[in-house]
Amino acid sequence: MNPFETLRFAFGGLAANKVRSGLTMLGVLIGVAAVIILLAVGNGSSQAVKDSIEKLGTNALTVSSGGGFGGTSTATSTKPLTVDDARALADPASAPDVESVAPEVTTSQSALYDGTSHTVNQVVGTYPAYFKASNSKVAKGDYFSADDVLNSRKVAVIGSTTATDLFGTASPVGKKIVIGGTPFTVVGVLETKGGTGFQDPDDTVIAPLPTVQNAFTGFSGGISQILVEAKSAGATTPAQNEITEVLMSQHGIKDSSALDFRVSSQASLLDTQASTNKTFTVLLGAVAAISLLVGGIGITNIMLVTVTERTREIGIRKAIGAPKGVILGQFLAESTLLSLVGGGLGVVGGLIGSRFTIVGIKPVIIPESVVGAFAIAVAIGLFFGSYPANRAASLRPIEALRHE
Amino acid sequence: MRQLLRGLGRGGEGGHRAGAPAAAAAEEESPWGPSPVIEVRSLLKTYGHGDAVVRALGGPPDPVTGDSPGVNLVVEQGDMIAVMGSSGSGKSTLMNILGCLDVPTAGRYLLDGIDVGGLDEHQLSLVRNRKIGFVFQSFNLVPRTPALAQVELPLAYAGVKTAERRRRARAALELVGLADRVDHRPNELSGGQQQRVAVARALVTAPAMLLADEPTGNLDSHSTEDVLAIMDRLNASGRTVVLITHEDEVARHAKRVLRLVDGQIVADIRQAPVDGPPPALRDPAVFAARSPHALTSGGS
């Protein structure tokens, strides 16, 4: 009995019960495809997070008012962040790792152009340094300048979503829009950032800080947050320490556990998100692995039925001299063939399924998962098939022949 | 084990024995002549334990010693024997033991000079493959397999190469008159044809003996004659045949008839000498005239 013949017998055995073999393969197919697709979805979502880290700029640090989570109670009083704080941070003597500083005020206003109204999520008043720190580039027109800030000129750079909503396909540069009753001249349109979060980062209007304060927020309430850019990605940690020191002295705080402000880096924020994603991927993988296991149990089940059904045939084969190894090989070949074909089709199904966007996530296939899922499926066929095959091979010929 | 291999080697050559009388010389290598195909000594088979023990073979225990006499049997090379008995007489048990499908509770069994009792599972499968050709009452063909593949199967297990295997399988099918049915599956063949495929499968490995358990039990009288005629021809060409039956019509074909009652041989009648053709081919006209079915089976 050469391997080719064993394989031929196995094919014959499977072909004798096409529906049953097909359904068993379907079990393995679903298992393998599920592993590939779900891991690809998990991987796709963490890839998306990684992409947005790069978009936001890994050098950026955000200083916002208020203590750490739950830590506010220790602060005696919370002083708002001010432009003076920002100015102190920009001093290279006390904060050498800081590249640039941009104070921000944020509000939400409705914008009007030529009868078209649109509610802008984020109207940001800031300094020109904001563009670089937040990794925002203009596609058309130009940034506003420090001069515009000093003179509180009513100019604005708008995000791509805001631009299409207000202007459609027309170029907004040089046009006048009315935001919350104040007319602004559009000087530039930002490049599309694209985003995965709930908030569209492209629905924004960026204007000089004093202009926005003047028109909407007023000067008394301080600023919403300060965007700080560190000199390099590696310098974010020393920069974070310098910022903390400078602001502690600015706010007159001695105790470092009672801060009334918070410094967070984009990278650390997104690291947290990435680890959440990892848990998510592992969970998805576990669910898929269970379905693969169930597929394997399906193989055992069907092979046990097959062995029982073909007990007499096994008896005949033994009576005409089939050694134990040949019977074992034949049934193992059948179960392995089931898992091999099922696994192969599962890989195809998984690869096709991963081409579609699933719940808003573009799946990114992990090559190891394809190889792994296939290998595990085949191993499952061998492992789960060995019990029924062994049972068939150990049948005593006389009992097998008497079996009805 | 060495003896086994030597024995198997001879069994393999046996294929030529059927056609070439010169091969008979090879059997004379032992100074005591050819060893008997079957040599059974004090064979005993019981099922169950204690009071519930059932003696399938070997007869009731001696009231004094408590030992069963057991079955003793020697079958010569080239003989054609019929084992007769009603159901429950132990003939199927005997057949299963002779066919190495079952193991005796006690006693010795030498098949073609090999002590079968000392063989393990793998060696037993080799013995079944090369020494014994089975023909069953219910044909026992492998389902969904064409006749040619069916006959090739024992050769495949024996490791014969494809071309050689095909050639021998075709020759065997030709011998049973089914050369035109090689691609038919069991469900496309009549009962008689199925049994002839089974006979072809049994003789394709050129075994030391052909073991037929009620080979005509499920066949009409015409097919019965066909199958028995094949058996006669095989025996005439030197093959040892053991028939298990309860029909006198079948037993008539044998050279020697054993009668089993309650697991013991009660009669041993020789109808024709070991050497020479079986009764049916000795004087066909007389044999046919004596047949109880003379009117219906005259054509075969």
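Residues numbered from 1 in each chain as written. Chains lettered and ligands numbered in written order. Predicted model: local features only at pLDDT ≥ 70, side-chain atom pairs only at ≥ 80, totals over all residues.

1. Section: the overall build of chain B
Of regular secondary structure, chain B possesses 10 helices and 11 strands. The buried share of chain B, taken over its 300 residues, is 45%. (Helix = DSSP H or I, 4+ residues; strand = E, 2+ residues; numbered from the N terminus. Buried ≥ 20, exposed ≤ 12 C-beta atoms within 10 Å, placed from the backbone.)

2. Some details on the overall build of chain A
For chain A, the count of helices and strands is 13 helices and 10 strands. Relative to its 404 residues, chain A shows a buried fraction of 43%. In chain A, once contacts between residues fewer than 6 apart in sequence are set aside, the share between residues at least 24 apart is 84%. (Contact = placed C-beta atoms within 7 Å.)

3. Quick notes on the sheet that holds strand β11 (residues 264-270) of chain B
Residue and element names in this part refer to chain B. Taken together, 6 strands build an open sheet; the order of strands is β7-β8-β9-β4-β10-β11 and the sheet is mixed. Edge strands, defined here as strands with exactly one partner in the open sheet, are β7 (132-135) and β11. Direction aside, the axes of adjacent strands within the sheet are offset by 20 degrees on average. Sheet topology note: the strand β10 (residues 256-261)/β11 ladder contains 6 bridges and is antiparallel. Considered in β11, the bridge of R256 is made with R270. (Pairing = 2+ DSSP bridges. Axes fitted to C-alpha atoms, helices over the stretch in contact; angles between N-to-C directions.)

4. Details of the interface of chain B and chain A
In this assembly, 21 residues from chain B lie in contact with 18 residues from chain A. Where the side of chain B that touches chain A is concerned, the elements lending two or more residues are α3 (121-131) and α4 (147-158) of chain B. The leading source of residues in the side of chain B that touches chain A is α3 of chain B, at 7 residues. Here the side of chain B that touches chain A is built from residues that sort into 10 nonpolar, 5 polar and 6 charged. (Nonpolar A, V, L, I, M, F, W, Y, C, P; charged D, E, K, R; others polar.)

5. Looking at the pairing of β11 of chain B
Within β11 of chain B, only 0 of the 7 residues are buried, which leaves it mostly out in the open. Remark: 2 residues form the turn of the hairpin made by β10 of chain B and β11 of chain B, two consecutive strands paired antiparallel; D262 of chain B in that turn has positive phi of roughly 50 degrees.

6. Describing the nonpolar core
Formed by 122 residues in total, the largest nonpolar core has its most connected members in V32 and I36 of chain A together with A200 and V242 of chain B. Residue contributions to this core peak at 14 residues, all from helix α2 (residues 18-56) of chain A. With sequence-adjacent residues up to four places away left out, I36 of chain A is seen in contact with V347, G350, S354, I365, S369, V370 and A373 of chain A. Counting 53 residues, the second-largest nonpolar core is a separate cluster that includes F131, A163, V187 and A239 of chain A. (Core = buried A, V, L, I, M, F, W, Y, C linked by C-beta atoms within 7 Å.)

7. Topic: the environment of L155 of chain B
All names here are of chain B. Following the sequence through the fold, L155 ends up in helix α4. C-beta crowding within 10 Å serves as the criterion here: with 24 such atoms nearby, L155 is assigned to the buried category. Residues L155 and R166, 11 residues apart in the sequence, show an inter-C-alpha distance of 9.2 Å. Discounting residues that sit within four places of it in the chain, L155 has contacts with V160, R165, R168, A169, V204 and T205.

8. Concerning the environment of T244 of chain A
Residue and element names in this part refer to chain A. With respect to the element layout, T244 can be found in helix α8 (residues 236-251). The class for T244 is partly exposed, based on 17 C-beta atoms found within 10 Å. The spatial distance from the C-alpha of T244 to the C-alpha of V63 is 9.2 Å, given a sequence separation of 181 residues.

9. Considerations on the pairing of strand β1 (residues 38-47) of chain B
Residue and element names in this part refer to chain B. Both β1 and strand β5 (residues 106-111) contribute to a ladder of 5 bridges, which runs antiparallel. The residue bridging L44 from the neighbouring strand is A106, located in β5. Judged from the 4 bridges that link them, β1 and strand β3 (residues 71-75) form a sheet pairing that is antiparallel. Across the sheet, the residue bridging to L43 is V71, located in β3. Here β1 runs beside strand β2 (residues 54-57); their pairing, made up of 3 bridges, is antiparallel. Following the sheet pairing, T46 is matched in β2 by R55. Linkage of β1 to β2, two consecutive antiparallel strands, is achieved through a turn of 6 residues, within which G48 is found at a positive phi near 80 degrees.

10. Considerations on unusual backbone geometry
Residue and element names in this part refer to chain B. A positive phi angle, near 60 degrees, is found at R144, a position not held by glycine. Mapped onto the secondary structure, R144 falls in the loop between β7 and α4. The phi angle at A206 is positive, at roughly 55 degrees, despite the residue not being glycine. Its location among the elements puts A206 in the loop between α6 (191-203) and β8 (209-213).

11. Digging into the packing of α4 of chain B against α6 of chain B
All names here are of chain B. The N-to-C vectors of α4 and α6 enclose an angle of 30 degrees; their axes lie 7 Å apart at closest approach. Considering their axes alone, α4 and α6 lie roughly parallel with respect to each other. Considering the relative orientation of α4 and α6, their crossing is right-handed. Facing α4, whose interface residues are A147, Q150, V151, L153 and P154, α6 presents V197, A200 and R201. Classifying every residue of the contact of α4 with α6 gives 6 nonpolar, 1 polar and 1 charged. (Parallel < 35°, antiparallel > 145°, perpendicular 65-115°, else oblique. Left-handed = near helix turned anticlockwise from the far one by under 90°.)

12. Quick notes on the confidence of the model for chain A
All names here are of chain A. Summary statistics for chain A give a mean pLDDT of 85 and a share of 94% for residues scoring 70 or more. Considering each helix and strand of chain A separately, the mean pLDDT is smallest for strand β10 (residues 261-265), with a value of 82, and largest for helix α11 (residues 324-353), with 92. Counting contacts from residues 68-75, a segment whose pLDDT is below 50, to residues more than four positions away or on other chains yields 10 contacts. (pLDDT = per-residue confidence, 0-100.)

13. Focus on α8 of chain A
Residues and elements named next belong to chain A. Here α8 is 16 residues long and its end C-alpha atoms lie 22 Å apart, about the 22 Å a rise of 1.5 Å per residue gives. The set of residues buried in α8 consists of T236, A239, E242, I243 and L247. Projection of α8 onto a plane perpendicular to its axis shows the buried side chains occupying an angular sector of 125 degrees, all on one side. (Expected span 1.5 Å × (residues − 1). Arc of directions from axis to C-beta.)

14. Digging into the confidence of the model for chain B
All names here are of chain B. For chain B, per-residue confidence averages 83 on the pLDDT scale, and 86% of positions sit at 70 or higher. Across residues 1-29, where pLDDT falls below 50, the model places 32 contacts with residues more than four positions away in sequence or in other chains. Residue range residues 295-300 is modelled with pLDDT below 50. Its contacts to residues more than four positions away, or to other chains, number 10 contacts. Predicted complex metrics record ipTM = 0.82 and pTM = 0.69.

15. Focus: the packing of helix α1 (residues 3-15) of chain A against α11 of chain A
All names here are of chain A. Look at α1 against α11: their axes get within 8 Å of each other, and the N-to-C directions meet at 65 degrees. Relative to α11, the crossing made by α1 is right-handed. Across from T6, L7, F9, A10, G13 and L14 in α1, the residues of α11 making contact are G329, Q330, A333, E334, L337 and L338. Grouping the amino acids of the contact of α1 with α11 by side-chain chemistry returns 7 nonpolar, 4 polar and 1 charged.

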